[in-house]
There are 2 protein chains.
Amino acid sequence: MLKGRRIALVEDDEIMGASIEQRLRLEGADVVWVKLMQRAVGALRTPRAPIDAVVCDIRLPDGTGEDLFATLCRTATPPPFLFITGQGGIDQAVRLLQAGAADYVTKPFEMAGFLDRLAHLLRPKGEAVDQPFGQSSAARRIGVLVAQAAENDRPVLVRGGAGTGKALVARRIHHLSDRSAAPFAEANLSRADDPLAELDAAIAAVGDGTLFLNGLERLPPKGQDRLSVWLDSPPLARLVAACGAGMEAALRDGRFRGDLFFRLDLFEIPIPPLAERPEDAPWLLHRMFDAMNARREMPLRGISALAEQAVRDHDWPGNGRELRARLVQAMATATGDTLFPSDLFPERQTTAADRLPTLSEARDTAERTHILRALERTGGHVIEAAKLLGVSRTTLWEKMQKLGI
Amino acid sequence: MLKGRRIALVEDDEIMGASIEQRLRLEGADVVWVKLMQRAVGALRTPRAPIDAVVCDIRLPDGTGEDLFATLCRTATPPPFLFITGQGGIDQAVRLLQAGAADYVTKPFEMAGFLDRLAHLLRPKGEAVDQPFGQSSAARRIGVLVAQAAENDRPVLVRGGAGTGKALVARRIHHLSDRSAAPFAEANLSRADDPLAELDAAIAAVGDGTLFLNGLERLPPKGQDRLSVWLDSPPLARLVAACGAGMEAALRDGRFRGDLFFRLDLFEIPIPPLAERPEDAPWLLHRMFDAMNARREMPLRGISALAEQAVRDHDWPGNGRELRARLVQAMATATGDTLFPSDLFPERQTTAADRLPTLSEARDTAERTHILRALERTGGHVIEAAKLLGVSRTTLWEKMQKLGI
DNA sequence: TTCGGGCGTTCGGATTTCCGAACATCGCGG
DNA sequence: CCGCGATGTTCGGAAATCCGAACGCCCGAA
């Protein structure tokens, strides 16, 4: 019944936790057991794989399950929560259910009934098909927005950094829409030598299909006028535009007409960078790896857990595109039958000769750069910087003293 | 607070029932007291007037409140149920709330708190004639002013920020007035390309109805002259104008004729921004939610109490319009069956943009990457990695534990 | 089988860090 | 001149971190 499901167990009591964990594992579930609230926040906010349900004790050594739930709700849609508690009251149960918890069980409980209720609140599985963008909640949201965009015919604006897959989103909208049989014409304005010609060619080719304008912020004024006129005509085609980080600056500087932008910005699909949804990186890695491995002469056996962890922790300034490039490189040059971190990040090998800095050294440099960044943002305001960094003024002063700032 | 509301009280205990009934009547509620389940089914299924809420005991001589609720749910959407019970358990509370009960209180209870919770779950039903704009005193004042305006025939000036529902007020004045059968002609001067043409078209269309001029501060001088002439004619129609925050500046700069303004400003209805009447935001939320949820293919179960709190705390720079937009977005993209704060405020998910990570967070990520690097180099050898990092084995273990490595 | 070493884990105390509460100082404007 | 707010500096206690010393477990070598 729970086969293949990932259940998070938040419980500080050893005996109770062990017994539940064991039973859930017996049922085939994948259990993540954390014993502290702070760890649970981390484990649920940025899970390695999506969590299907959370079994949560209320009294924890460093907080309460209620706090945990409220904290998660502030920034994300939490998985269904089943609270278990020994000394809870009715008021607490009512409060939690009103806040959106899925269920509430008092200890001690019959294991069979508990499992029933847990299974009952698991959302039906099998929506893997329409999740081509990742497994994070952010990625699922993109999938929903794409489906919505495909259903109507209004202009869409895709926003995201370099290599986040804006073109993929545009193609998918086209593919899911009722124009899927019509042409899909792409004008990439940032790569083109002559953006105007690129725009004209795409407009000429699009017919009643989907016109995809990539790199909108690079469209020169003449092109903006032309696009505006084309929108007024009115066109047979549907417009999907994409812009990157430079859009806001272009609007501020007047390099892009505000009125045109607002005509395009009716339905916005923001794609957060990979760094903000770390659980998508290993997911993408495996997806691409499987696809590429199948076409390989001598298939690799798999990916090292260390490599997966390294992929998770990397910053991915080039987002998905960088990941693909690294993987292609790694699979071409891999020496063994397994992908290791050094295959994906060959540039790190150069440091092999010298000594790794001490942990405290690394910590100090990290603190140093971080403090400087905060001070820069506040314009040298120490008190505000301390607030920003979440430490007291005196502590910040102490650290600055120590680090010589 | 309960004035004019119809509350059904299902309670077999004479003393308890009498005390609640008396108190509810004191608060101005209309109370229907039934002492048997069978009677309650009848009274709730075919009430003389719609019931706004049900206060329901669980143990009744001829059945239970649970049965009553279940019976009603089979054939209709019952009003919000507040269960009160003396010997109920947590399981019962959980079961009822999961079934859709609004609240659950154990006897004995503080009457004040009980009334709060009862008032909290009262939802506006349909077009509540008396309170169409909110439940704050400011909103009730708007209702009174609208009614007064509808009774006479003088020009009305509605003042309020963007998205505060100025057009709604105007329509309501028209609807309540004796011109309700005549045309309602709206000229939106702020959105129109050619405000003059917009004004002329509306004047031509209005006949003996109500002319609504929205965005008065944007009316160009020529239009002001024309409006002035039209007022002198004298017109058959009644004028309702609306202006936003820019009006004072327009008057100061002379972009708007002072004399014309004072001819329009005879009866002013000011609409304060939502931020100044926080209790209206959740009210509006529930109103819109109910209306939209009814038209939904798969209705949501409800709104998390946390989301409600977030709505109350938000600033609402875009007022009601922003609320509606957020709700539409949230209901389209909600992943679960309950609305959570993150559904309504998806932009908070990307906190990385504005908020710098805490110093300890930065330190943790730095330590994490550094430890991983060391482990990678030693091939997973913990002792060597600890030596490399200059910490003891136990410390490294502790850190790995904390950072989830 | 025993032995030893790597590893996971706990524990108590030494040490460091962190914070709030002070107090002095330094502009800065009224 | 004073008041005010931000900063520099010190201090003591609370909280954390770190470390060595254990104990038990597992696995491979002897």
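Computed from a prediction, not measured in an experiment: that's the story for all the values here.

## Concerning the overall build of chain A
Then comes step 1: Tallying secondary structure elements over chain A gives 18 helices and 14 strands in all.
Then comes step 2: When its C-alpha atoms are laid out on the principal axes, chain A stretches across 70 × 55 × 55 Å.
Then comes step 3: Looking at the 405 residues of chain A, the share that counts as buried comes to 50%.
Then comes step 4: If you take every contact in chain A between residues at least 6 apart in sequence, the share linking residues at least 24 apart comes to 71%.
Then comes step 5: Of the roughly 19600 Å² of accessible surface on chain A, a fraction of 53% belongs to carbon and sulfur atoms.
Then comes step 6: Charged side chains of chain A number 52 positive and 54 negative; the gap between the two group centres comes to 2 Å.

## Examining the interface of chain B and chain A
Then comes step 1: Between chain B and chain A, the residue contacts involve 60 residues of the former and 62 residues of the latter.
Then comes step 2: For the pairing of chain B and chain A, the buried interface totals around 5200 Å² over both sides, and the portion due to carbon and sulfur atoms is 60%.
Then comes step 3: Summed over the shared surface of chain B and chain A, the result is 2 salt bridges.
Then comes step 4: Across the pair R363(B) and E367(A) runs a salt bridge whose closest N-O atoms are separated by 2.6 Å.
Then comes step 5: Linking chain B with chain A are 10 residue pairs in polar contact (both at pLDDT 80 or more), by the criterion used here.

## Structural notes on the pattern of salt bridges
Then comes step 1: Per the stated rule, a full pass over the model turns up 44 salt bridges over all chains.
Then comes step 2: Between D225(B) and R257(B) there is a salt bridge; the shortest N-O distance is 2.6 Å. Residue D225(B) is found in helix α9 (residues 221-232), and its partner R257(B) is found in the loop between α10 (247-253) and α11 (258-264); the two are separated by 32 residues along the sequence.
Then comes step 3: The class of R257(B) is partly exposed, set by a relative accessible area of 27%.
Then comes step 4: A salt bridge links R263(B) to D232(B); the shortest N-O distance between them is 2.9 Å. Here R263(B) is found in helix α11, whereas its partner D232(B) is found in helix α9, with 31 residues between them in sequence.
Then comes step 5: In the salt-bridge network here, residues are joined through shared partners; they are E11(A), D57(A) and K107(A).

## Things to note about the packing of helix α16 (residues 359-378) of chain B against helix α17 (residues 382-389) of chain B
Residues and elements named next belong to chain B.
Then comes step 1: At a closest axis distance of 9 Å, the pairing of α16 and α17 adopts a crossing angle of 125 degrees. What the angle tells us is that α16 and α17 run oblique. Seen along the crossing, α16 lies across α17 with a hand that is right-handed. Facing α16, whose interface residues are H370, I371, A374, L375, R377 and T378, α17 presents V382, E384, A385, L388 and L389.
Then comes step 2: Residue composition of the contact of α16 with α17, grouped by class: 7 nonpolar, 2 polar and 2 charged.

## Focus: the protein's contact with DNA strand C
Then comes step 1: Neighbouring DNA strand C are 17 residues; S392(A), T394(A), T395(A), K399(A) and R363(B) lie closest to it.
Then comes step 2: T394(A) places a side-chain nitrogen or oxygen 3.5 Å from a base nitrogen of DNA strand C.
Then comes step 3: I383(B) places a polar main-chain atom, nitrogen or oxygen, 3.4 Å from a phosphate oxygen of DNA strand C.
Then comes step 4: Going through the elements one at a time, α18 (393-403) of chain A together with α17 and α18 (393-403) of chain B are the ones with two or more residues in the surface near DNA strand C.
Then comes step 5: Top element by residues in the surface near DNA strand C is α18(A). It accounts for 6 residues.
Then comes step 6: Here the residues of the surface near DNA strand C are counted per class, giving 4 nonpolar, 7 polar and 6 charged.

## Thoughts on unusual backbone geometry
Then comes step 1: K107(A) connects to P108(A) through a cis peptide bond whose omega is -10 degrees.
Then comes step 2: Relative to the helices and strands, P108(A) is located in the loop between β7 (103-106) and α5 (111-121).
Then comes step 3: Residue P234(A) is reached from S233(A) by a cis peptide bond, and omega for that bond is -15 degrees.
Then comes step 4: Looking at the element boundaries, P234(A) is found in the loop between α9 (221-232) and β11 (238-243).
Then comes step 5: We note that N319(A) has phi near 50 degrees; this positive angle belongs to a residue other than glycine.
Then comes step 6: Of note, N319(A) is situated in helix α14 (residues 319-333).
Then comes step 7: Judged by its relative accessible area of 4%, N319(A) falls in the buried class.
Then comes step 8: Not every positive phi belongs to a glycine, and W316(B) is a case in point at roughly 55 degrees.

## Comments concerning the protein's contact with DNA strand D
Then comes step 1: In the vicinity of DNA strand D there are 16 residues, among which V382(A), I383(A), T394(B), T395(B) and K399(B) approach most closely.
Then comes step 2: A breakdown of the atoms of DNA strand D within 4 Å of the protein gives sugar and phosphate a share of 52%.
Then comes step 3: S392(B) has a polar backbone atom sitting 3.1 Å from a phosphate oxygen of DNA strand D.
Then comes step 4: Listing elements by their share of the surface near DNA strand D, those giving two or more residues are α17 (382-389) and α18 of chain A together with α18 of chain B.
Then comes step 5: For the surface near DNA strand D, the element with the most residues is α18(B), which contributes 6 residues.
Then comes step 6: When grouped by side-chain class, the residues that make up the surface near DNA strand D number 4 nonpolar, 6 polar and 6 charged.

## Brief notes about the domain arrangement of chain A
Then comes step 1: Its domain assignment divides chain A into domain 1 (6-121), domain 2 (137-272), domain 3 (277-350) and domain 4 (359-403).
Then comes step 2: Look at where the C-alpha atoms of domain 1 of chain A and domain 3 of chain A centre, and you get two points 34 Å apart.

## Considering the packing of aromatic side chains
Then comes step 1: Enumeration according to the criterion identifies 15 aromatic pairs over all chains in this entry.
Then comes step 2: Taking 4.8 Å as the distance between ring centres and 65 degrees as the angle between the ring planes, the aromatic pair formed by F69(B) and F81(B) counts as edge-to-face. Within this pair, whereas F69(B) is found in helix α3 (residues 65-75), its partner F81(B) is found in strand β6 (residues 81-85), the two being separated by 12 residues in sequence. Accessibility assignment for this pair places F69(B) and F81(B) in one class, buried.
Then comes step 3: Relative to F83(B), the ring of F81(B) lies with its centre 5.4 Å away and its plane at 40 degrees, an arrangement referred to as tilted.
Then comes step 4: Since its relative accessible area comes to 0%, F81(B) is described here as buried.
Then comes step 5: By relative accessible area, which is 0% here, F83(B) ends up buried.
Then comes step 6: Members of the aromatic cluster, joined through ring pairs, are F69(A), F81(A), F83(A) and F340(B).
Then comes step 7: The ring of W33(B) has K35(B) sitting right over it, with the charged end atom 4.4 Å from the ring centre.

## Describing the nonpolar core
Then comes step 1: Ranked by internal contacts, the top residues of the largest apolar core, which has 51 residues, are L68(A), F81(A), F83(A), L68(B), F81(B) and F83(B).
Then comes step 2: If one sorts the elements of this core by residue count, helix α4 (residues 90-99) of chain A sits on top with 6 residues.
Then comes step 3: If near-sequence neighbours (up to four positions away) are discounted, F81(A) is found in contact with L44(A), V54(A), C56(A), L68(A), F69(A), L72(A), A101(A), A102(A) and D103(A).

## A word on the sheet that holds strand β12 (residues 268-271) of chain A
All names here are of chain A.
Then comes step 1: What the 5 strands build is an open sheet, ordered β9-β10-β11-β8-β12; its pairing is parallel. Edge positions in the sheet fall to β9 (184-188) and β12, since each of these pairs with one other strand and no more. Direction aside, neighbouring strands of the sheet carry axes that sit 15 degrees apart on average.
Then comes step 2: When β9 meets strand β10 (residues 210-214), the two strands line up parallel, connected through 5 bridges. Opposite N188, over in β10, you have N214 as the bridge partner.
Then comes step 3: Against the sheet, helix α7 (residues 166-176) touches β8 (156-160), β9, β10, β11 and β12, its axis set at about 170 degrees to β10.

Basis of the calculations
- Residues numbered from 1 in each chain as written.
- Chains lettered and ligands numbered in written order.
- Predicted model: local features only at pLDDT ≥ 70, side-chain atom pairs only at ≥ 80, totals over all residues.
- Heavy atoms only, no water.
- Helix = DSSP H or I, 4+ residues; strand = E, 2+ residues; numbered from the N terminus.
- Buried < 20%, exposed > 50% of the residue type's maximum accessible area, 1.4 Å probe, protein only.
- Contact = heavy atoms within 4.5 Å.
- Areas by Shrake-Rupley, 256 points an atom, 1.4 Å probe, with all protein chains shown as cover.
- Lys, Arg positive; Asp, Glu negative; His and termini not counted.
- Charge placed at Lys NZ, Arg CZ, Asp CG, Glu CD.
- Buried area = accessible area lost by both parts, 1.4 Å probe.
- Salt bridge = Lys/Arg side-chain N within 4 Å of Asp/Glu carboxyl O.
- Polar contact = N/O pair within 3.5 Å; in protein donor to acceptor, adjacent residues only side chain to side chain.
- Axes fitted to C-alpha atoms, helices over the stretch in contact; angles between N-to-C directions.
- Parallel < 35°, antiparallel > 145°, perpendicular 65-115°, else oblique.
- Left-handed = near helix turned anticlockwise from the far one by under 90°.
- Nonpolar A, V, L, I, M, F, W, Y, C, P; charged D, E, K, R; others polar.
- Near = heavy atom within 4 Å.
- Domains from an automatic or database assignment.
- Phe/Tyr/Trp six-rings, centres within 6.5 Å; stacked < 30°, edge-to-face > 60°.
- Lys NZ or Arg CZ within 6 Å of the ring centre and 35° of its normal.
- Core = buried A, V, L, I, M, F, W, Y, C linked by side-chain atoms within 4.5 Å.
- Pairing = 2+ DSSP bridges.

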